[in-house]
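Here are the chains, one letter per residue:
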Amino acid sequence: MSEMDKEIWDTTVSKVSRHVEQEVRLKGWLYNKRSSGKILFLILRDGTGIIQCVASKAVLGDELFARMDGLNQESSLIIQGHVRKDDRAPGGYEVQVTSCEIVAEALPEYPITLKEHGPDFLLDHRHLWIRTPTQRSILAIRSEVMRACRDYLDSQGFLEVSAPILTPSACEGTSTLFETPYFGEKAYLSQSGQLYNEAAIMALGKVYCFGPAFRAEKSKTRRHLTEFWMVEPEAAFMTFEELLVLEENLITYIIDRVLDKRSEELKTVGRDPSDLEGIAPPFPRMTYSQAVELLKKENVEIEWGDDFGAPHETMLASLHRKPLFVTHYPAKAKAFYMEPDPERPETVLAADLLAPEGYGEIIGGSQRISDYALLKQRIEEHRLPVDEYNWYLDLRKYGAVPHSGFGLGIERMVAWICHLDHLREAVPFPRTITRLRP
Ligand code: 4AD
Ligand code: MG
């Protein structure tokens with residue numbers, strides 16, 4: 001069989017436009033159907049899209065037609081037929097069925113019907129819910145976002161390293177650690193691969209890790225998951241200023257990629273692609289101190305030194321269409337490893353990138369402390385067990401360099417892009433403090 005024949009034979013809904021007036025074979029599931037006695041309109045979904053297939057009794061014969069007519073939603077099918085362009089059909093194409101194989105008949109009463117369901121019901125049936133067009137589109141966009149992260153960083157000379165998930169110590173504060181027994185001692189699920197990235201850059205220059213991160217967040221908000229995915233670039237010799245430029249460029253690349261490749265999916269999830277157009281560097285910036293002044297002017301209760309909560313972030317970011325950098329946070333509101341600002345050492349060379357439209361912090365990043373004595377002091381001030389950080393301190397003994405990095409939360413990015421109410425729809429199987437299943 002030639003390549004072309006093979007493609008026709010095993011094509012997908014997303015590619016039928018290439019095969020107008022040709023015979024194709026599609027494999028998928030029955031999403032919906034209508035019957036007029038002699039004609040059946042089968043809506044087939046195959047993971048790449050949805051298409052209407054028209055079957056007639058005259059072609060299929062009485063017996064197969066009757067079986068098809070009685071099929072339940074989600075029955076799996078292999079349909080062979082002739083592709084026709086038809087502007088009235090959903091998607092603009094239609095398949096005139098010449099033959100059909102029923103792979104498995106679905107049981108009646110598929111739990112997810114076309115009517116409305118409550119969020120808890122849908123989350124309990126997440127394993128089936130992901131089949132619906134909106135959820136499928138979100139997951140396709142998520143995949144595009146993850147691929148864009150890798151493509152961009154690879155193109156900039158970053159190497160992907162895999163940081164461990166089982167770790168002996170904290171990266172982002174001890175209050176959100178998941179503990180697990182580990183052969184007679186305690187281990188923790190990784191909060192971030194950053195500390196390992198810092199070791200890897202001294203070997204490879206520019207690296208990123210990409211994997212799940214775990215936080216036993218006590219907060220039950222729409223912005224927090226207990227398991228989320230993060231891409232974390234880190235580079236030796238990268239200054240704070242260069243860090244912000246890398247962040248802007250990565251975010252812009254991701255948005256452009258989704259607009260280019262997933263505009264159909266954006267429309268399916270109800271996001272007008274034009275909302276995301278024009279997101280390009282430079283992104284607006286403000287210091288933490290300026291942000292506090294601004295919040296005070298708006299009569300928001302905040303004192304210099306407090307970390308921002310969701311309402312603060314939403315208010316600040318609502319001033320702009322593009323994401324907003326808030327920089328130079330007070331050292332005491334942030335993690336132990338951040339480099340102090342030489343101009344004002346009670347603040348650190350850190351930036352949070354706040355997404356517009358109330359999506360909050362999508363990136364947290366900073367320059368890292370490169371001085372051995374200061375880093376050790378910070379570890380002690382944060383009451384962390386210094387012994388567990390000796391290897392990390394070693395990096396400051398043997399050729400320390402200025403270096404910086406950041407972490408981009410994939411679910412927050414996807415939630416913003418797709419305009420979702422809650423992070424739990426931005427991940428295939430969400431984990432929150434109240435949800436471990438399915
Ligand atoms: O600001 P965070 O905690 O930074 C770090 O973990 C750094 N060590 C990263 C680094 O510099 N390499 O987290 C980074 C991002 C946040 O901006 C947010 O997008 C996401 O990770 N994030 C969460 N996403 C979902 N649920 C949670 N509980 C999250 N916590 C952080
Ligand atoms: Mg943060």
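Residues numbered from 1 in each chain as written. Chains lettered and ligands numbered in written order. Predicted model: local features only at pLDDT ≥ 70, side-chain atom pairs only at ≥ 80, totals over all residues. Heavy atoms only, no water.

**Remarks on the site of ligand 1**
Where we set the bar: One heavy atom within 4 Å of a molecule or strand makes the whole residue count as near it. Counted as a polar contact is a pair of N or O atoms within 3.5 Å, where, for protein atoms, one must be capable of donating a hydrogen and the other of accepting one, and residues adjacent in sequence contribute only when both atoms are in side chains. Each accessible area value is a Shrake-Rupley result obtained with a 1.4 Å probe; residue values ignore everything except the protein chains displayed when judging cover. Helix and strand labels come from DSSP, where a helix needs a run of H or I of at least four residues and a strand needs a run of E of at least two; each type is numbered from the N terminus. All residues other than Ala, Val, Leu, Ile, Met, Phe, Trp, Tyr, Cys, Pro, Asp, Glu, Lys and Arg, Gly among them, are scored as polar; the first ten of these are nonpolar and the last four charged.
For ligand 1, the set of nearby residues contains 24 residues, the closest of which are Glu172, Gln194, Arg215, Glu232 and Glu361. Between ligand 1 and Glu172, the relevant distance is 2.7 Å, taken from a nitrogen atom to a side-chain nitrogen or oxygen of the residue. Contact between ligand 1 and Ser192: a nitrogen atom at 2.9 Å from a side-chain N or O atom of the residue. Bound to the protein, ligand 1 loses 94% of the 620 Å² it would expose on its own. Only β11 (227-236), β17 (360-367) and β18 (403-409) provide two or more residues apiece to the shell around ligand 1. The residue makeup of the shell around ligand 1, split by class, is nine nonpolar, seven polar and eight charged.

**Some details on the domain arrangement of the chain**
Inclusion rule: As annotated, the domain borders come from an automatic or database domain assignment.
Structurally, the chain comprises domain 1 (8-104) and domain 2 (124-426). Using only C-alpha atoms to locate each centre, domain 1 and domain 2 end up separated by 45 Å.

**With respect to the state of the cysteines**
Covalent bonding between the sulfur atoms of two cysteines is what defines a disulfide. Put simply, the test is: Throughout, a disulfide means two cysteine sulfur atoms within 2.5 Å of one another. Relative accessibility under 20% of the residue-type maximum defines a buried residue, over 50% an exposed one, and the middle range a partly exposed one, all with a 1.4 Å probe and only protein chains included.
Inspection of the entire model under this criterion finds zero disulfides. Not engaged in a disulfide, the cysteine Cys100 finds its nearest cysteine sulfur in Cys53; these two sulfurs lie 8.4 Å apart. Residue class for Cys100 comes out buried when judged on its relative accessible area of 11%. Free cysteine: Cys209, not disulfide-bonded; nearest cysteine sulfur from Cys171 at 9.5 Å.

**Describing the packing of helix α8 (residues 240-261) against helix α14 (residues 410-418)**
Put simply, the test is: The convention used is that axes are lines fitted to C-alpha atoms, helices contributing only their stretch in contact, and that angles between N-to-C directions extend from 0 to 180 degrees. In what follows, roughly perpendicular refers to angles from 65 to 115 degrees, roughly parallel to angles under 35, roughly antiparallel to angles over 145, and oblique to any angle outside these ranges. What makes a crossing left-handed is the near helix being turned counterclockwise from the far one by less than a right angle; a clockwise turn instead makes it right-handed. Contact between two residues is taken to exist if any of their heavy atoms lie within 4.5 Å; hydrogens are not considered.
Closest axis-to-axis distance for the α8/α14 pair is 12 Å, and the angle between their directions is 50°. In this view, α8 runs oblique relative to α14, as classed from their interaxial angle. Between α8 and α14 the crossing geometry is right-handed. Across the interface between the two elements, Ile251, Ile254, Ile255 and Val258 of α8 pack against Met413, Trp416 and Ile417 of α14. When grouped by side-chain class, the residues that make up the contact of α8 with α14 number seven nonpolar, no polar and no charged.

**Some words on unusual backbone geometry**
With an omega of -5°, the peptide bond between Pro281 and Pro282 qualifies as cis. Within the fold, Pro282 resides in the loop between α9 (263-268) and β12 (285-287). Positive phi, normally seen in glycine, also occurs at Phe183, with a value near 45°. Notably, Phe237 is not glycine yet its phi reads approximately 70°, a positive angle.

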